[in-house]
Amino acid sequence: MARKEIRIATRKSPLAMWQAEFVKAELEKAHPGLEVILLPMSTKGDIILDTPLAKVGGKGLFVKELEVAMLEGRADIAVHSMKDVPVDFPEGLGLTTICEREDPRDAFVSNNYKTLDELPQGAIVGTSSLRRQCQLRELRPDLKIHDLRGNVNTRLRKLDDGEYDAIILAAAGLKRLEFDHRITSFIESEQSLPANGQGAVGIEARLDDAELLELLSVLEHQETRARVIAERAMNTHLEGGCQVPIGAYAELEGDQLWLRGLVGKPDGSVLLRNEVRGNKADAEKLGIELAEMLLSAGAGEILKEVYGEA
Ligand SMILES: NCc1[nH]cc(CCC(=O)O)c1CC(=O)O
């Protein structure tokens, strides 16, 4: 093997660093003699922390700097939470690898209440996700939803400071950072449909580097790929960015893929849901099919309204 080194461009947040370290460890284990180097960098999304994301605008707020590093040859790959990966890649770059999915569920975290149902009338819940917000509002119209930004550690601190009665976070991020003990209860997909790609880590790389792609292939997980491709296809076909009231979640039942999707008004007054089943080999087609079903039920108008406000 000629190649001795792979450089990973990564955000500096604890979760991003954990994911990059994970990819480094797996690659070095699979390819003795290979050295994997992390290049931590700040992205625009890390810097603008005080503005609600939907209002900051611009897709790929957290990935642009990483992509520039790859295009300029300073880095070879970038490791992303699949949930945050934009649909379009710059010329020459692409999503080459999808790693095995962690827990895809949302987690309820509170110091005083065990579950969402136990929250008292008018309790304050922290989340900045329109997807979580619309599903919460549908279940519990009485709750007050307050914005919650920052990395996982910051969000937990804000809860502990007493700003919220409970917060909602992705279970995967909490587990990766060894905050399992902070998960008060899990929110099942029937109550809160996860975001497309939630819990999965993906690798973006230069597509012309065959040797690199071969080295990365040990991290590829076929089942996760089928699920995430279906979810992303639905999101893409709805023209959803990363900050939208859209849930998409696929599960495999043998060779069958079961994809559920949701588009909601942020105030929870309307939630459109539908689902499709089909062969996992048709993952992308199934995602598009479900998006079409949601669009014919009025998803386009809901999303246009959301983008209009942003
Ligand atoms: N939006 C930020 C983000 N991107 C990925 C995760 C969690 C880990 C994952 O989904 O893989 C989080 C935090 C959260 O939503 O609580």
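- The protein chain has the name Porphobilinogen deaminase in an unreviewed UniProt entry, where Ferrimonas sediminum is given as its organism.
- Under the heading Sequence similarities (unreviewed entry), UniProt records this for the protein chain: "Belongs to the HMBS family."
- The annotation that UniProt attaches to the protein chain under Function (unreviewed entry) is "Tetrapolymerization of the monopyrrole PBG into the hydroxymethylbilane pre-uroporphyrinogen in several discrete steps."

1. Looking at the environment of Asp103
And then number 1: With respect to the secondary-structure elements, Asp103 resides in the loop between strand S4 (93-98) and strand S5 (106-109).
And then number 2: For Asp103, a relative accessible area of 8% translates into the label buried.
And then number 3: Measuring from C-alpha to C-alpha, the distance between Asp103 and Phe186 comes to 10.0 Å, with 83 residues separating the pair along the chain.
And then number 4: When residues no more than four places from it in sequence are discounted, the contact partners of Asp103 are Ala171, Ala172, Lys175, Phe186 and Gly199.
And then number 5: Polar side-chain contacts of Asp103 include one of 2.8 Å to the side chain of Arg105.

2. Quick look at the pairing of strand S10 (residues 201-206)
And then number 1: For S10, a buried count of 6 out of 6 residues is recorded, marking the element as mostly surrounded by other parts of the structure.
And then number 2: Looking at chain direction, S4 and S10 are connected through 5 bridges and run antiparallel. In the strand pairing of S10, Leu93 is matched with Arg206.

Here is what the cut-offs are and how they apply
Residues numbered from 1 in each chain as written. Predicted model: local features only at pLDDT ≥ 70, side-chain atom pairs only at ≥ 80, totals over all residues. Heavy atoms only, no water. UniProt positions renumbered as here; feature names shortened; annotations may be inferred. Helix = DSSP H or I, 4+ residues; strand = E, 2+ residues; numbered from the N terminus. Buried < 20%, exposed > 50% of the residue type's maximum accessible area, 1.4 Å probe, protein only. Contact = heavy atoms within 4.5 Å. Polar contact = N/O pair within 3.5 Å; in protein donor to acceptor, adjacent residues only side chain to side chain. Pairing = 2+ DSSP bridges.

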